[in-house]
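Here's the letter readout for the chains.
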Amino acid sequence: MTPWLETAGWTLIHFVWQGCAIAAVTAAALRLAERRSASVRYVIACAGLTLMMAAPIVTARLLQDVARGFSRATIGARPISGDAYARLKARATNARATDARATNARATDARATDADATPVASRQASFDRIVPGITIVWLAGVLLLLARMTGGWWRVRRLHRAAMASTSSRWQTACRRLAYRLGLPAAAHVVESTLVDVPTVVGWLRPAILLPVAALAALSPAQVEAILAHELAHIRRHDYAVNVLQTIA
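Within each chain, residue numbers correspond to sequence positions counted from 1 in written order. Residues qualify for local features only when their pLDDT is at least 70, as the model is predicted, and side-chain atom pairs are given and counted only at 80 or more; totals for whole chains, interfaces and linings, by contrast, use all residues. Working from all heavy atoms in the structure, the side-chain values ignore hydrogens and water.

Looking now at the overall build of the protein. Comment: elements are numbered from the N terminus, with helices defined as DSSP H or I runs of at least four residues and strands as E runs of at least two. Helix and strand counts for the protein come out as eight helices and three strands. Overall, the protein shows an N-to-C arrangement of helices and strands of α-α-α-α-α-β-β-β-α-α-α. Summarising the internal contacts of the protein: among those between residues at least 6 apart in sequence, 59% fall at separations of at least 24. As displayed, the protein has an accessible area near 17,600 Å², and 64% of this comes from carbon and sulfur atoms. The contact criterion used throughout is that any non-hydrogen atoms of two residues lie within 4.5 Å. Under the convention used here, a 1.4 Å probe and the Shrake-Rupley method define accessible areas, while residue burial counts only the protein chains that appear.

Take a look at the structure:
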């Protein structure tokens, strides 16, 4: 468990600068694409989100490979090469040829170096003990947000079931016409609901558009059709699925 916690902790630490770098590149790309279409900016934002999700996965894999390589080197799993053996043998010969004064001088220097390195090693060891704690705190946050996401998903599921069980709105025909113009294979199920305050799309495979009853009274037919076209554009772009992935990320 501890090696996994350490790997995850260092992955999170590295993601601080990785996430900032990805965000900076994405922001620069969006700034350059200000005059381009909304679809181009949407693709850039989705690419940034994908990189945000991929970066910690790649980092964790690299850290695990480094850890495994270090373990193999520590236990002597990697055989020493002939050149390395020759160098070691030459060093041993030179060490035996030195006089006692040089040996004592090196020993004194080594003790001084160890004494200087002790505080650094102590700080490194203390930091290594903190890394698993970072992972535990992060996991607690993940569990909390997953519980929040589950509650939101349950509410959306109830809205979708209630919408699919309700009678179609009088705007269903207009929605069908707009869906045909947008190239959608089928129109969404349109209902008028008191459960929402703003027009809302729920569902992915069988989407439903919920129109707030209170707002419809103050809107003209052209405005309602504009709202339907806007919600159908969300469906065509699969924004519901993308939003779920964004929440998971």
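Another point: the pattern of salt bridges. Any carboxyl oxygen of Asp or Glu within 4 Å of a side-chain nitrogen of Lys or Arg constitutes a salt bridge here. Under the defined criterion, the tally for this structure stands at five salt bridges. Linking E192 and R170 is a salt bridge whose minimum nitrogen-to-oxygen distance equals 3.7 Å. One end of the pair, E192, is in strand β1 (residues 189-193); the other, R170, is in the loop between α4 (100-164) and α5 (172-182), with 22 residues separating them in the sequence. Here the term buried applies to any residue with accessible area under 20% of the maximum for its type, exposed to any over 50%, and partly exposed to those in between, with areas from a 1.4 Å probe on protein chains only. Assessed through its relative accessible area of 34%, E192 is described here as partly exposed.

Exposure above 30% relative accessible area and the lack of any salt bridge qualify a residue for a patch; like charges then connect within 9 Å, and the nonpolar side chains Val, Leu, Ile, Met, Phe, Trp and Tyr within 5 Å. A cluster of nonpolar side chains, V244, L245 and I248, forms an exposed patch at the surface whose accessible area comes to about 260 Å². Locating L245 in the fold gives a position in helix α8 (residues 239-248).

For any two helices packed against each other, the geometry is given by the interaxial angle and the distance between the axes. Two numbers describe how α5 lies on helix α7 (residues 221-236): the axes approach to 10 Å, and their chain directions differ by 50°. Viewed along their axes, α5 and α7 adopt a mutual orientation that is oblique. In terms of crossing hand, the pair formed by α5 and α7 is right-handed. Across from A174, C175, R177, L178, A179 and L182 in α5, the residues of α7 making contact are E225, L228, A229, L232, A233 and R236. Looking at the contact of α5 with α7 residue by residue, the class counts come to nine nonpolar, no polar and three charged. Lines fitted to C-alpha atoms define the axes, with helix axes restricted to the stretch in contact, and inter-axis angles between N-to-C directions lie between 0 and 180 degrees. Roughly parallel means an angle under 35 degrees; roughly antiparallel means over 145; roughly perpendicular covers 65 to 115; every other angle is labelled oblique. Whether a crossing is left-handed or right-handed is set by the direction in which the near helix is turned from the far one by less than a right angle, anticlockwise for left-handed and clockwise for right-handed. Just so you know the grouping, Ala, Val, Leu, Ile, Met, Phe, Trp, Tyr, Cys and Pro go in nonpolar, Asp, Glu, Lys and Arg go in charged, and all remaining residues, Gly too, go in polar.

Moving on, we come to the environment of L211. Along the chain, the position of L211 falls in strand β3 (residues 208-212). On the accessibility criterion, L211 (1% relative accessible area) is buried. A C-alpha to C-alpha distance of 9.0 Å links L211 and I227, two positions 16 residues apart in sequence. Excluding residues within four positions of it along the chain, L211 makes contact with W171, V190, V191, E192, S193, V196, P199, L216, I227 and L228.

With respect to the helices and strands, D239 occurs in helix α8. There is a polar contact of 2.6 Å between the side chain of D239 and the side chain of H234. Apart from residues no more than four positions distant in its own chain, D239 is found in contact with Y42 and H234. Here a polar contact means two N or O atoms within 3.5 Å. Within protein one must be a hydrogen donor candidate and the other an acceptor candidate, and residues neighboring in sequence count only if both atoms are side-chain atoms.

Time to look at unusual backbone geometry. For H238, which is not glycine, the phi torsion reads 60° and is therefore positive. Secondary-structure assignment places H238 in the loop between α7 and α8.

Time to look at the sheet that holds strand β2 (residues 200-202). By this definition, two strands are paired if DSSP reports at least two bridges between them. Ordered in space as β1-β3-β2, the three strands form an open sheet in which the pairing is mixed. Each edge of the open sheet is held by one strand with a lone partner, namely β1 and β2. When the angles between neighbouring strand axes are averaged without regard to direction, this sheet yields 25°. For β1 and β3, the ladder comprises five bridges, and the chain directions are parallel. When the sheet's bridge partners are listed, V191 is paired in β3 with L210.

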